[in-house]
Amino acid sequence: MARVGVPEGTLVKKAGFKDIDWSAWIVLAMVAIILVLFLIYPIGRMLLESFVRQDDPIAIKNLTLYNFRRFITSKLYKDAMMHSLAVSLSSVLFATLLGLPLAFIMSRIDIPGKSVLTSLATLPLILPPFVGAYSWILLLGKNGFITFLLKKYLGIDMPSIYGFHGITIAQALSYYPFVFLMVQGSLSLADPFLEESADVMGAGFWRKLRTITLPLVAPSIGAAAITVFMKAIGNFGVPSILGGEYYVLPTLIYFQIVGFYNVNAASAISLVSVLFSIGALLLMRRVTAKQAAVTLTTTTRKVKQITNPVAKTVGFIVALLIILVSLTPHITVLVAAFSERWAGTPWPTKMSTANFLKLQAHALSPLKNSVVLAVVATLASVAIGSLVAYTAVRRKFSGRWIIDLAVMLPFVLPGIVIGVALLTAFGAPPLYLAGTAYILIIAYVIRRMPYVFRSASGALQGMDPVLEQASTIMGASWARTFGKVTLPLIAPSVVAAGLITFTTLIGELSTTMMLYSARWKTVTVAIYEYLLEDLLGPACALGTIVNVIVLVGIFAATKLLGQKVSNMFGGS
Amino acid sequence: MVNLSVRKLVKDFAGGTRAVDGIDFDVPAGTLFTLLGPSGCGKTTTLRMVAGLESPTSGSILFGNEDYTRFPPHKRNIGMVFQSYALFPHMSVFENVAYGLRVRTKQAEEVKSKVGKALELVGLSHTAARRPSQLSGGQQQRIALARALVYDPALLLLDEPLSNLDAKLRIQMREEIRRIQKAAGATTLYVTHDQEEALSISDVVAVIHSGRISQIGKPHDVYEKPASALVADFIGRANFIKCLITHKEGTGRAVKVAGSTITVGCCVGDQASFNAGDEALLFFRPEKAALSTSPVESKSVPCVVRQVLYLGESVRYTTELPTKEVVQLALNRRAEGIDEGSSANIVLEASDLRIFPMDQYGLIKRGN
């Protein structure tokens, strides 16, 4: 810079090494290294591995489409892809059929106990889906209670719970709250005057529903459906338990790794699976862009509620039924955990804590492992997530797209795919980490850090940057400003995100299955092993423990933020 | 306390907008210097560059005889009051005020006594334990001032500090700020878009327009002797009338306005633009004119009164010249026998009249 207008002999105050605030740059460099090493590199490596054959090194001459060609040549591959699409689409259909009426009842009919009902309806979203999934074996399996009743009294032979039916039921019931919460949100935001003006013009209930209400919330129905699709197509836990011989893409990936340690095939399948997710995400962007234009309302007036007693009674019963059905698996797990004998009867014939006592033999160290891994990964996610958020929100620099990408990727990538990516990167020297606690922690952090990031960057955006500038002007260094001003102000959001991170990690199965070793077996792996041995009782007991940890964590987070559970999970 | 000097300061924002376009000024130690201008004129950007929150594209910022242009903000020893006050919501009033001291010293006793004195200076000792959210707007404002002054900064910066207060409190607080600033003897750079605030509080005012300084001067001079039509128009209310120069009269001119010849005391700008036969822009303040039923030789212009508004402390007359130009007058009492629809004469003293070159006509807002 040309120094102009300064008289000769002016003393120029140069910032010495000590005067410059290096802390911000050190943080930035750290964040960049972590993102590149543990996210960008593994995903890039996975991409390359998918284009070479098993055991071939990555080199130009080895590049081949062999792994992808199997989607044409292999029936197993073709079927898995079709199965994935079929279960995901049918999960979307049934989740919508459950979520849509519930959203309408809760936002338009004046029924009692709405707040409690909303919390109950959100539960299936919070509890790990695979824990609820195996209760269907108890209900609809070969010796299941419902199967037994249907056969005895109606003479109906139920099809096997393993496969398409089971996966669809379990996924639809786990993911329907997305539809409920997102549609309810936009129904209660919709401008009440629009419906009232339709009233004034003489439109009846059904006409109004068809011509005004549904078109207004259509974008959020679309967004919810896409969310459910992305969740379903990436889900490993439910098909791994209820799939049997019915392979879907995530279980096929697992099969390739565990059966043949074929990371190249697994990478190719992962890539195909990710393409579906990205397609869904692109669709989502178009749908939500429309939504923004529709749901804007300038009035604080609430939509008028239907108070007709018949409508209220019917609405209440339907809402209760939907919620009860969706909670059935979780209630079943709880009851089964305390039952000693339960076959073909509506209620266990003998109740005891025997299942919990059996856990002592095999489940104590996995439980400890899970807690240790989850605590370390949570602390790391919180630290890195809030620093990345700070960097992205407060610093202007040209490389920001790397952070945006790094933070978006784990939203799109199913857990099992992240598992594959990390295996390709760290499953062989020079950085051999497979089977260690480190690789599990890295995987957990990569998957969960974006959620902390979202929470922290939301809090940062809501915080006026002049507070930090005021601190700087008063002479505080960057580190002091961050510690004394920024951090205390975003702390509630960050701690809440940390609690939620911890609970989701306790219930994490898909990534863990790809990366764990005998030394670092987690509680979810222990549950999976019980299921393989058909020990449903201990599996339910351990599942109950997981559920309790999850519920306590979420409860604490809601108290901390002074928010309802439904608010924290609804808007995604 | 030191002198602040700003030399040829330029700031280009990404995208090529030039927010500050070569600004020069000096603030002598202990004085209050105001940057006055409409929003977007570059005054806040200039202040933020002095604070170190923005870095200049070129130019220099000197504290005393030391060049601080590229020195990090947290090492500049500056006190600043932000438009939104920027009080830390998670700290008590005491902790807010103590913040800058704690950066500078570890001695708890010193912190306690200095915070006590600062709170006393702004008259809010009893609020020390409260949170900022429990204070009124005016109290928050004073705490922000105490927080900025408590560690004796080399320079005090105030960025539109009164814009979040209601009209009455604003007047009260600007007197308060002036009192505290004088008591602390702080070299102060003040930014505002409110001309009345600027005139009442400052030792020196710099009027800024489009990133450049239009005029620097004492409040009285800026108001009474604007250096351009632009300044005249921005500060206070102004009448601009087209006139024709007939001949020179001392340092002034005789001009023809709507058929009448009147004497003007001062020509502002290049003397070459004020020759006989040239058009010029006649300027005067509404309160500097009188109304009369009869014409006065070389001092009056005929008009028709269109509207009379009684405002309490003054009476506003909207009049129209034979040329259809509208002239506003503010008299301190009603003119006898002159009502809406009356024909009258606007009486003007030569010393209250200034003419600007006609090419400044394009710069002023019409219709006031």
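Fair warning: this is a prediction, and the values are worked out from it, not measured in the lab. (Residues numbered from 1 in each chain as written. Chains lettered and ligands numbered in written order. Predicted model: local features only at pLDDT ≥ 70, side-chain atom pairs only at ≥ 80, totals over all residues. Heavy atoms only, no water.)

**Structural notes on the pattern of salt bridges**
Right, on to step 1. Enumeration over the complete set of coordinates arrives at 23 salt bridges over all chains.
Right, on to step 2. Ionic pairing is found between A:Lys521 and A:Glu529, a salt bridge with its closest N-O pair at 2.9 Å.
Right, on to step 3. A salt bridge links B:Glu320 to B:Lys324; the nearest nitrogen and oxygen atoms lie 3.5 Å apart.
Right, on to step 4. Judged by relative accessible area, which is 16%, B:Glu320 ranks as buried.
Right, on to step 5. Judged by its relative accessible area of 60%, B:Lys324 is exposed. (Salt bridge = Lys/Arg side-chain N within 4 Å of Asp/Glu carboxyl O. Buried < 20%, exposed > 50% of the residue type's maximum accessible area, 1.4 Å probe, protein only.)

**Overview of the packing of helix α4 (residues 137–149) of chain B against helix α5 (residues 167–184) of chain B**
All names here are of chain B.
Right, on to step 1. Packing of α4 against α5 brings their axes to within 11 Å, and their N-to-C directions diverge by 15 degrees. Judged on the interaxial angle alone, α5 and α4 are roughly parallel. Classified by chirality, the crossing of α5 by α4 is right-handed. Residues Gly138, Gln141, Arg142, Leu145 and Leu149 of α4 touch α5, and the partners they reach there are Leu169, Met173, Glu176, Ile177, Ile180 and Ala184.
Right, on to step 2. Of the residues contributing to the contact of α4 with α5, the split by class is 7 nonpolar, 2 polar and 2 charged. (Axes fitted to C-alpha atoms, helices over the stretch in contact; angles between N-to-C directions. Helix = DSSP H or I, 4+ residues; strand = E, 2+ residues; numbered from the N terminus. Parallel < 35°, antiparallel > 145°, perpendicular 65-115°, else oblique. Left-handed = near helix turned anticlockwise from the far one by under 90°. Contact = heavy atoms within 4.5 Å. Nonpolar A, V, L, I, M, F, W, Y, C, P; charged D, E, K, R; others polar.)

**Observations concerning the confidence of the model for chain A**
Close inspection of predicted coordinates is inappropriate in any region flagged by low pLDDT.
Right, on to step 1. Counting all residues, the mean pLDDT for chain A is 85, and 91% of those residues have values of 70 or more.
Right, on to step 2. Per-element averaging of pLDDT across chain A places helix α25 (residues 565–570) of chain A at the bottom with 60 and helix α3 (residues 75–108) of chain A at the top with 94. (pLDDT = per-residue confidence, 0-100.)

**Comments concerning the interface of chain A and chain B**
Right, on to step 1. Taken residue by residue, the interface counts 33 residues in chain A and 40 residues in chain B.
Right, on to step 2. A buried area of about 3,000 Å², summed over both sides, lies between chain A and chain B, and 65% of it is on carbon and sulfur atoms.
Right, on to step 3. Counting the contacts that link chain A with chain B gives 0 salt bridges.
Right, on to step 4. Linking chain A with chain B are 5 residue pairs in polar contact (both at pLDDT 80 or more).
Right, on to step 5. Residue assignment for the side of chain A that touches chain B shows that the elements contributing at least two residues are β1 (11–12), α20 (466–473) and α21 (478–506) of chain A.
Right, on to step 6. It is α20(A) that provides the largest number of residues to the side of chain A that touches chain B, a total of 7 residues.
Right, on to step 7. Across 2 bridges, β1(A) lies against strand β5 (residues 66–67) of chain B in parallel orientation. (Buried area = accessible area lost by both parts, 1.4 Å probe. Polar contact = N/O pair within 3.5 Å; in protein donor to acceptor, adjacent residues only side chain to side chain. Pairing = 2+ DSSP bridges.)

**Thoughts on the nonpolar core**
Right, on to step 1. Grouped together as the largest cluster of nonpolar side chains are 245 residues, with contacts concentrated most on A:Tyr134, A:Leu242, B:Leu4 and B:Leu189.
Right, on to step 2. Looking at which element gives the most residues to this core, the answer is helix α19 (residues 437–461) of chain A, with 15 residues.
Right, on to step 3. Ignoring any residue separated from it by four or fewer positions in sequence, one finds A:Tyr134 in contact with A:Ile241, A:Val333, A:Ile527, A:Leu531, A:Leu536, A:Ala539, A:Cys540 and A:Gly543.
Right, on to step 4. Grouped together as the second largest cluster of nonpolar side chains are 31 residues, B:Ile241, B:Ala280, B:Leu291 and B:Leu348 included. (Core = buried A, V, L, I, M, F, W, Y, C linked by side-chain atoms within 4.5 Å.)

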